[in-house]
Number of protein chains: 2
Amino acid sequence: MTSGLQMSRRIRRTPFTSCIEKLGVSGFTVVNHTLLPKSFKRSIEEDFAHLRTDVQMWDVGCQRQVEIEGPDALSLVQMMTPRNVGNAQVGQCLYLALTTDKGKIINDPILLKLNDEKFWLSIADSDVLLWAKALAIGLNLNVSVREPDVSPLAIQGPAAQDVMIEIFGKGVRDLGFFRFGRFDFEDTQQVISRTGYSSQNGYEIYLDDTSLGKKLWDVIWTVGTRYNMRPGGPNLIDRIEAGLISFGNDMTSENTPLECGMEKYCSLTDDIDFLGKEYLIKEKKTGSRRQIRGVIFSGKSQGACTIPWQLYDGSTNVGQITSGIFNPSLGVNTGIALIEKGHWNLGQRIDVVIGKGDIRRGQVCFLPFTVPENREIMMSL
Amino acid sequence: MTSGLQMSRRIRRTPFTSCIEKLGVSGFTVVNHTLLPKSFKRSIEEDFAHLRTDVQMWDVGCQRQVEIEGPDALSLVQMMTPRNVGNAQVGQCLYLALTTDKGKIINDPILLKLNDEKFWLSIADSDVLLWAKALAIGLNLNVSVREPDVSPLAIQGPAAQDVMIEIFGKGVRDLGFFRFGRFDFEDTQQVISRTGYSSQNGYEIYLDDTSLGKKLWDVIWTVGTRYNMRPGGPNLIDRIEAGLISFGNDMTSENTPLECGMEKYCSLTDDIDFLGKEYLIKEKKTGSRRQIRGVIFSGKSQGACTIPWQLYDGSTNVGQITSGIFNPSLGVNTGIALIEKGHWNLGQRIDVVIGKGDIRRGQVCFLPFTVPENREIMMSL
């Protein structure tokens, strides 16, 4: 579903916005008060197919960085997340949840350790800048908290590495998954990480100078055209298939990281202090009320899920699909859902209400959809 | 400038969204992760004219409330703002700035004092919930901070009072400007204030129960049709003429309340403590570097300002218009601008660059544009 978006200065542009306008962007969303281009006059299915065979460039400047720097930087970062960050290495990217004092999620950023006293949180859609700054003020910590002039640009798809090597040299090939390094661009050193919000091997360039935006875009585009590069954005079909959950969509500040499949990023037995620890330890003991799962269901859905699709076990509402769309490669509708206790087992049969009275038969899967355990369920639907 | 907005659960709907969809909404913006309807297939000029002669209903559910309640509620609220809130009365609405420890603005909400230990901050576009909650955690304050299920609905325009009286009784007429009371609706008590983001005398209903949204909309719409009511939203022409500044547009976290015409809401000599006080006292002594002003200029502009229009005094860049549009009632282009010291005097001649090479002659005005001091300038343009 698309409607008009009224532009104003409050909906911030990125260093790449004018470039994607020239390439015919047709749909945006807004993340962190910033434009995120999502579509370019092609269907989500076409974009999905292209992402998996070629290479795309995404303006993800909306992934704002919250920079925490100073003698107390590590203490503040650790206090904000259940993941143990004490052993993180410089050059490492860590996916983690930020939690409140009640253990609820307020964001799920990627942490970049720049040096022992300097971190970036590459954030999803909430003002972590205000959260971190207020904690630092309240606790009188010796840190500076700011949003630097850093705007990520993502290169995603099978040909991403070839494109990146042509521009930044063979060093990018040696970057491990979820690692970053610094690479030359126009006499500057730019952070480049092997990350991205897709199922593809890709890269993100954390451009730290708005005035270089157009130059960076053009240099990559010129090389990219030889690889059939297109502009793009996070693709709903791909994201769901890969089980990449989205803050605000699949989880909100009503949820905990244990509910949302992030137990492996919660260091509950380590000797660290973080907000909400006692609540998460208690939830771990007593069990979660909800769990995040995949749901597949039959019959092609009418476009993407923009208002949650309710799930029923008989007459009982047992959860909802919060991101959903038909996956042409799997041949089924796929959804990411939070499902109540007792109904989240693999293969559980479940009804999906996708419109008024449009009830489909579905089944619970694991995330990502491509894990072998799901195979039999996919076939049986 | 309008482009497509991609819908998803993360861009929250309000209790009134389905109502405005039925009425043909054609353009939204996003505020506080929530849809704000802005246009209904009519021009901004038509909406402006209608707002000033009849009555409109606006879905401003995006004006989220941050509820601060408990023994330390007043202390926390006071710490967050330069305005002295110690003498506020129950039933009073106070416009104020929230500032960081450096005196920079992070929001400009309206404060509603519900009782001595309970306040709502009716916020502009930033996550004040996270800010207030983190301060409370860091300072170990005895308060609860939450976002209640409250979604304001605005009735604005000359006929607003007549409509409101028919539904809520004559009591609404006795509400003073920036006062609120509680009024019956369907066996509930709803907060109604004499406020609104327009130059018109109007009301806002802080509906505290999503499930009553459609009912409330329908009841008002049924009465409203007899008064030529239309759906609407904050109107750019009206907002600029009235000098109603917008956080994210006309001021950002780079600015201070003293720069933004809010000196009268900064109690710098009172015996109160708030974040950034020493910075604001210093700025008051040495003088601000920038001041917010109106700018008028000749020749009809091409639509609204979506990317700031730069201001020049000779070859010197002395500021920018951050909200701007042609005002058909005044017959000139009007803009809200932050202007550097030495260039902000009433009547100062200034060049406005509204596109590539499109330079217009302008002059500095006071805000709102309707003050008598501006009259001579309007005539001389």
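In this numbering scheme, every chain counts its residues from 1 along its sequence in written order. To read the labels, note that chains go from A and ligands from 1, taken in the order they are written. Given that the model is predicted, a residue must reach a pLDDT of at least 70 before its local features are reported, and side-chain atom pairs must reach 80 or more before they are shown or counted; all residues, however, enter totals for whole chains, interfaces and linings. Side-chain numbers here rest on the full set of heavy atoms in the structure, without hydrogens or water.

1. Observations concerning the interface of chain A and chain B
- Across the contact, 48 residues belong to chain A and 48 residues belong to chain B.
- Buried area: the sum, over both parts, of the accessible surface (1.4 Å probe) that disappears when the two are put together. When chain A packs against chain B, the two sides together hide about 4400 Å² of surface, and 57% of this comes from carbon and sulfur.
- Considering only the side of chain A, the residues that lose the most area to chain B are Gln6(A), Arg9(A) and Arg10(A), jointly responsible for 19% of the buried surface there.
- Here, a salt bridge means any side-chain nitrogen of Lys or Arg that lies within 4 Å of a carboxyl oxygen of Asp or Glu. Summed over the shared surface of chain A and chain B, the number is two salt bridges.
- Where Arg10(A) meets Asp125(B), a salt bridge forms, and the shortest distance between an N and an O atom there is 3.0 Å.
- We call two N or O atoms a polar contact when they sit within 3.5 Å, provided that within protein one can donate a hydrogen and the other can accept it, with sequence-adjacent residues counted only if both atoms are side-chain atoms. Connecting chain A to chain B are 25 residue pairs in polar contact (both at pLDDT 80 or more).
- Helix and strand definitions here come from DSSP, where helices need a minimum of 4 consecutive H or I residues and strands a minimum of 2 consecutive E residues; each element is numbered from the N-terminal end. Put simply, the parts of the chain that give the side of chain A that touches chain B at least two residues each are β1 (2-6), β2 (27-31), β3 (34-39), α4 (128-138) and β19 (316-327) of chain A.
- With seven residues, α4(A) is the single largest residue contributor to the side of chain A that touches chain B.
- For this classification, the nonpolar set comprises Ala, Val, Leu, Ile, Met, Phe, Trp, Tyr, Cys and Pro, the charged set comprises Asp, Glu, Lys and Arg, and every other residue, Gly included, is treated as polar. Residue classes in the side of chain A that touches chain B are distributed as 20 nonpolar, 19 polar and nine charged. Contacts are residue-level and defined by heavy atoms, with any inter-residue pair within 4.5 Å sufficient.

2. What about the confidence of the model for chain A?
- The pLDDT value expresses, per residue, how confident the predictor is, ranging between 0 and 100. When pLDDT is averaged across chain A, the result is 96; 99% of the residues are at 70 or more.
- For this predicted complex, the interface confidence score (ipTM) comes to 0.97, while the overall pTM stands at 0.98.

3. Quick notes on the environment of Lys113(B)
All names here are of chain B.
- With respect to the element layout, Lys113 can be found in strand β9 (residues 110-115).
- Taking the relative accessible area as the measure of exposure, Lys113 reaches 7% and is therefore buried.
- The spacing of Lys113 and Leu74 is 39 residues in sequence and 9.5 Å in space, taken between C-alpha atoms.
- The residues touching Lys113, leaving out its near neighbours within four places in the chain, are Ala88, Gln89, Val90, Gly91, Gln92, Lys118, Phe119 and Phe180. In this scheme, a residue with accessible area under 20% of its type's maximum is buried, one over 50% is exposed, and one in between is partly exposed, where area comes from a 1.4 Å probe on protein chains only.

4. Considering the pattern of salt bridges
Residues and elements named next belong to chain A.
- Here the structure, examined in full by the defined rule, presents 32 salt bridges over all chains.
- The shortest N-O distance in the salt bridge between Glu259 and Arg290 comes to 3.2 Å. With Glu259 in the loop between α7 (236-241) and α8 (277-286) and Arg290 in strand β17 (residues 290-297), this pair connects stretches of sequence that are 31 residues apart.
- The class of Glu259 is buried, set by a relative accessible area of 4%.
- Since its relative accessible area comes to 15%, Arg290 is described here as buried.
- Overlapping salt bridges, with partners in common, bring together Arg12, Arg64 and Glu147 in one network.

5. A few points about the packing of aromatic side chains
Residue and element names in this part refer to chain A.
- Whether two aromatic rings pair depends on their centres lying within 6.5 Å, for rings of Phe, Tyr and Trp, where Trp uses its six-membered ring; planes under 30 degrees apart make the pair stacked, over 60 edge-to-face, and the rest tilted. Per the counting criterion, the structure on display carries 14 aromatic pairs over all chains.
- Relative to Trp221, the ring of Trp217 lies with its centre 6.4 Å away and its plane at 15°, an arrangement referred to as stacked. You can see Trp217 and its partner Trp221 sitting in helix α6 (residues 213-224), four residues apart, about one turn around the helix.
- Taken together through their ring pairs, the aromatic side chains of Phe16, Trp217 and Trp221 make up a single cluster.

6. Topic: the state of the cysteines
Residue and element names in this part refer to chain A.
- Cysteine sulfur atoms are paired as a disulfide whenever they come within 2.5 Å of each other. Tallying each qualifying case throughout the model produces zero disulfides over all chains.
- Here Cys305 is not disulfide-linked; the sulfur of Cys260 is the nearest cysteine sulfur, at 16 Å.
- For Cys305, a relative accessible area of 5% puts it in the buried group.

7. Here's the deal with the sheet that holds strand β12 (residues 151-156) of chain B
All names here are of chain B.
- Strand order in the open sheet formed by six strands is β13-β14-β15-β12-β4-β16, and the pairing between neighbours is mixed. At either end of the open sheet lies a strand with only one pairing partner, and these are β13 (180-185) and β16 (230-232). Taking the axes of each pair of neighbouring strands and ignoring which way they run, one obtains an average angle of 30° across the sheet.
- We treat two strands as partners when DSSP finds at least two bridges between them. Examined bridge by bridge, β12 and strand β15 (residues 202-207) share six bridges and lie antiparallel to one another. The residue bridging Leu153 from the neighbouring strand is Ile205, located in β15.
- Here helix α2 (residues 44-53) sits on the sheet in contact with β4 (56-59), β12 and β16, set at roughly 120° to β4. All axes here are fitted lines through C-alpha atoms, helices being fitted over the stretch that makes contact, and every angle between N-to-C directions spans 0 to 180 degrees.

8. Things to note about the relation of the copies chain A and chain B
- Only residues with pLDDT of at least 70 in both copies contribute their C-alpha atoms to the least-squares superposition of the copies. Mapping chain A onto chain B is achieved by rotating through 180° and translating by 0.0 Å along the same axis, at an RMSD of 0.0 Å. Expressed as a symmetry operation, the mapping of one chain copy onto the other fits a two-fold axis. Of the C-alpha atoms belonging to chain A, the one lying closest to the rotation axis is found on Gly138(A), 2.0 Å away.
- Take the interface residues of chain A: 100% of them recur as interface residues in chain B, which is what a same-surface contact looks like.

9. With respect to empty space enclosed by the protein
- Here a cavity denotes a set of grid points, spaced 1 Å apart and computed over the protein atoms alone, in which a 1.4 Å probe fits but from which it cannot get out, and a pocket denotes an open set meeting protein on both sides within 12 Å along at least five of seven lines; residues with an atom within 4 Å of a point are reported as lining. Grid points are joined across faces, edges and corners, and a volume is the space filled by probe spheres set on the points. Within this structure, the stated rule accounts for two cavities of 30 Å³ or more.
- Of the volumes computed, that of the largest cavity is approximately 70 Å³.
- Considering the residues around the largest cavity, the lining is formed by Ile11(A), Val30(A), Asn32(A), His33(A), Asp125(A), Val30(B), Val31(B), Asn32(B), His33(B) and Asp125(B).
- Counted by class, the lining of the largest cavity contains four nonpolar, four polar and two charged residues.

10. Re the nonpolar core
- Only buried residues count toward a nonpolar core, which is a set of Ala, Val, Leu, Ile, Met, Phe, Trp, Tyr and Cys residues joined through side-chain atoms within 4.5 Å. Counting 74 residues, the largest nonpolar core has Phe168(A), Ile220(A), Phe168(B) and Ile220(B) as its most contacted members.
- Ignoring anything within four residues of it in the chain, the contact list for Phe168(B) reads Phe183(B), Asp184(B), Phe185(B), Ile192(B), Ile205(B) and Leu216(B).
- With 56 residues, the next largest nonpolar core counts Val85(A), Ile68(B), Leu94(B) and Trp131(B) among its residues.

11. Here we look at α6(A)
All names here are of chain A.
- A rise of 1.5 Å per residue sets the reference length of α6, with its 12 residues, at 16 Å; its end C-alpha atoms lie 16 Å apart and thus fit the reference within 8%.
- Among all positions of α6, only Gly213, Leu216, Trp217, Ile220, Trp221, Val223 and Gly224 are buried. Seen end-on, α6 carries its buried residues on one side only, within an arc spanning 165°. In this analysis, the expected span of each helix is defined as 1.5 Å times one less than the number of residues it contains. The arc in question is formed by the directions pointing from the helix axis toward the C-beta atoms.

12. Observations concerning unusual backbone geometry
Residues and elements named next belong to chain A.
- The omega torsion of the bond from Leu367 to Pro368 falls at -10°, within 30 degrees of zero and hence cis.
- Examined against the element boundaries, Pro368 turns out to sit in the loop between β22 (358-365) and α9 (375-380).
- Phi at Asn32 is positive, roughly 50°, even though this residue is not glycine.
- Tracing the backbone through its elements, the reader meets Asn32 in the loop between β2 and β3.
- Since its relative accessible area comes to 2%, Asn32 is described here as buried.
- The phi dihedral of Asn140 falls on the positive side, at around 55°, and the residue is not glycine.
- You can see Asn140 is positioned in the loop between α4 and β11 (144-146).

13. Here's the deal with the environment of Thr256(A)
Residues and elements named next belong to chain A.
- Looking at where Thr256 falls in the secondary structure, it is placed in the loop between α7 and α8.
- The spacing of Thr256 and Leu98 is 158 residues in sequence and 9.7 Å in space, taken between C-alpha atoms.
- Look past the residues within four positions of Thr256 in its chain and what remains in contact with it is Gly103, Lys104, Ile105, Leu280 and Glu283.
- Side chain to side chain, Thr256 and Glu283 meet in a polar contact 2.8 Å long.

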